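# Architecture and fold: a report
Residue-level listing of the chains:
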Amino acid sequence: MNQILTEISTQVHIQTPKTICILGGGFGGLYTALRLSQLDWGNTEKPEIVLIDQGDRFIFSPLLYELLTNELQTWEIAPSYQEILENTGVHFHQAKVSEVDTDNQQVKLCDGKTLQYDRLVLALGSETNLDLVPGVVSYAYPFRTLADVHRLEERLRVLTATDPEKIRVAIVGAGYSGVELACKLADRLGEKGRLRLIETGDQILRTSSEFNRQQAKKALEQKSVFIDLETKVVSIGENTISLEYKNQIDEIPVDLVIWTVGTRISSLVQNLPLAHNQRGQITCTPTLQVIEHPEIFALGDLADCKDIEEQQLPGTAQVAFQQADYAAWNIWASLTDRPLLPFRYQALGEVMALGVDNATLTALGITLDGYLGYLVRRLVYLYRLPTLEHQLKVGFSWLLTPIIKTLSQGSRE
Ligand SMILES: Cc1cc2nc3c(=O)[nH]c(=O)nc-3n(C[C@H](O)[C@H](O)[C@H](O)COP(=O)(O)OP(=O)(O)OC[C@H]3O[C@@H](n4cnc5c(N)ncnc54)[C@H](O)[C@@H]3O)c2cc1C
Ligand SMILES: NC(=O)c1ccc[n+]([C@@H]2O[C@H](COP(=O)([O-])OP(=O)(O)OC[C@H]3O[C@@H](n4cnc5c(N)ncnc54)[C@H](OP(=O)(O)O)[C@@H]3O)[C@@H](O)[C@H]2O)c1
Ligand SMILES: C/C(=C\Cc1cc(O)c2ccccc2c1O)CCC[C@H](C)CCC[C@H](C)CCCC(C)C
């Protein structure tokens, strides 16, 4: 009898489901999880998909500025993972990742839990570099997370409540975030605002399209935002900022400093026992597999990845968004004995908000600005939101909000 049972068990492959562990629920990780949940696993037992993030919600960062001008609400641009992952079969676990043991294929979390994985996705993104200048950690405001928005909102509330003649704001870094923030805050503060944009380089938006740069310059000028080019921040005090320009240092009074000088890779990622480039990004193949670890996939800001055309890829949501499809497909292919696909990036263009009801877009040879640019930007981002259900909820909200506002104004008159 035992011999028969042994023969049956060897003939009937008893499969234990594989585990796909995804670290980071941003544009790379969340969209990989969503795509994996939609793939057809055929005769292969569907793996367990686990998404880990330190936060409880996805942040659609391109629309983060709209929270400061009350154009949008938090639920629209930062839906909870619970809502987004409902009925997808993806398991979400809120925790901070503390360690990855690549030898034993384990992920260790700050809450003490350890997860075993068969496939691992590294999508932990990047962080704002706060260590460049003295005083940044204590006095400056980064702009990346919901906590950053809430902290900035509270500071603006306090400054406005004292009803000063002017609210003096210095935004450090005239890249995309700095310029978009300057325009939004200028519209929010109006006559009370006195904004300056500080940039080490000799021009704003160094990597942007010429059309978008010119539109941004026009908008900043119309909003009376002062631009300090070739200017270095020496230090930041409680209500001062020291600037160096042409070897002269001036300390100027300021009420608020916002820090948007670009990103760095976290120490957690930099210390992983994997191949890295000089910036600390994880080196991966065009199939998004980590060098010497084909069971680990890396995408988004933390990945040093060249696509099939050998294009070096920028750290943007657009790249992570496109990589997610390939990461999901290649994980599925590696578990169902199919060939993997090398990532092919399609640079569709770039969109920037330039205040309330104003945006600029350069896409596929088309350029738009003003209110039309604003509308198309909203439509593009609506289409990029995660899940059809959330897109419909937000779309109806965007359609109904102006109608409700008009009706409520009418009822007050
Ligand atoms: C204000 C702002 C506006 C932007 N606008 C645009 C835009 O218009 N277009 C564009 O292309 N790009 C834009 N970007 C850049 C874009 O947000 C990033 O390039 C993109 O988010 C990178 O995707 P990712 O998945 O690599 O990382 P992220 O989307 O940042 O996701 C990483 C996730 O990992 C989590 N995480 C990090 N460390 C840990 C840990 N130790 N444990 C657990 N979880 C962790 C984080 O909470 C986060 O949810 C913008 C960025 C900012 C800050
Ligand atoms: N609309 C969009 O498409 C959009 C919006 C936001 C963010 N993003 C993407 O998200 C990423 C981060 O964007 P970001 O705007 O935070 O960073 P960013 O695009 O890298 O811009 C940072 C800017 O700050 C300057 N800078 C660096 N150190 C400085 C210092 N100490 N003092 C003053 N200026 C300093 C940089 O100059 P140097 O370049 O000379 O270092 C750069 O111009 C980028 O990849 C960007 O493409 C895209
Ligand atoms: C630039 C576009 C997409 C790239 C892109 C940019 C981002 O910031 C992202 C952020 C997060 C996720 C993804 C992305 C991202 O993919 C826009 C592409 C535009 C479309 C290809 C078509 C544009 C429509 C034309 C301008 C025509 C408009 C007609 C008008 C109504 C007259």
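Note: the structure precedes this text.
Figured I'd write up the structure that's included with this text.

How each quantity is defined
Residues numbered from 1 in each chain as written. Chains lettered and ligands numbered in written order. Predicted model: local features only at pLDDT ≥ 70, side-chain atom pairs only at ≥ 80, totals over all residues. Heavy atoms only, no water. Near = heavy atom within 4 Å. Polar contact = N/O pair within 3.5 Å; in protein donor to acceptor, adjacent residues only side chain to side chain. Areas by Shrake-Rupley, 256 points an atom, 1.4 Å probe, with all protein chains shown as cover. Helix = DSSP H or I, 4+ residues; strand = E, 2+ residues; numbered from the N terminus. Axes fitted to C-alpha atoms, helices over the stretch in contact; angles between N-to-C directions. Left-handed = near helix turned anticlockwise from the far one by under 90°. Contact = heavy atoms within 4.5 Å. Nonpolar A, V, L, I, M, F, W, Y, C, P; charged D, E, K, R; others polar. Buried < 20%, exposed > 50% of the residue type's maximum accessible area, 1.4 Å probe, protein only. Expected span 1.5 Å × (residues − 1).

Before going further, it helps to spend a moment on the site of ligand 3. In the region of ligand 3, 16 residues are neighbours, and Gln318, Gly349, Leu364, Tyr381 and Arg384 sit closest. The contact in question runs from an oxygen atom of ligand 3 to an N or O atom on the side chain of Arg384, over 3.0 Å. Against a free-state accessible area of 780 Å², the protein chains account for coverage of 71% of ligand 3. Breaking the shell around ligand 3 down by element, the ones donating at least two residues are α10 (317–335), β22 (349–353), β23 (359–363), β24 (366–368) and α11 (370–384).

We now examine the packing of helix α7 (residues 176–189) against helix α8 (residues 210–222). Put simply, α7 and α8 touch, their axes get as near as 10 Å, and they point 35 degrees apart. As for the relative orientation of α7 and α8, their crossing is left-handed in sense. Of the residues in α8, those touching α7 at Val179, Ala182 and Cys183 are Ala216, Ala219 and Leu220. Residue classes in the contact of α7 with α8 are distributed as six nonpolar, no polar and no charged.

Its location among the elements puts Leu181 in helix α7. When its relative accessible area of 0% is taken as the criterion, Leu181 is described as buried.

Taking 1.5 Å of rise per residue, the 14 residues of α7 would be expected to cover 20 Å, and the 20 Å separating its terminal C-alpha atoms lies within 8% of that figure. Most of α7 sits inside the fold, with ten of its 14 residues counted as buried. Among the residues making up α7, those that are buried are Gly178, Val179, Glu180, Leu181, Ala182, Cys183, Lys184, Leu185, Ala186 and Leu189. Looking one or two residues past α7, Gly190 carries a phi angle of roughly 60 degrees, positive in sign.

What follows covers the site of ligand 1. Around ligand 1, 28 residues are found, and the nearest of them are Gly28, Asp53, Ser61, Val97 and Asp301. Within the contact set of ligand 1, an oxygen atom lies 2.6 Å away from a side-chain nitrogen or oxygen of Ser61. Val97 places a polar main-chain atom, nitrogen or oxygen, 2.8 Å from a nitrogen atom of ligand 1. Computed on the free molecule, ligand 1 has an accessible area of 990 Å², of which 85% lies beneath the protein chains in the complex.

Leaving glycine aside, a negative phi is the common case for residues, and trans is the common case for peptide bonds. The phi angle at Asn247 is positive, at roughly 65 degrees, despite the residue not being glycine. Mapped onto the elements, Asn247 comes out in the loop between β14 (240–245) and β15 (248–253). Even without being a glycine, Leu288 presents a positive backbone phi close to 75 degrees. With respect to the element layout, Leu288 can be found in the loop between β18 (282–284) and β19 (289–290).

Honestly, it's all geometry; don't read function into it.
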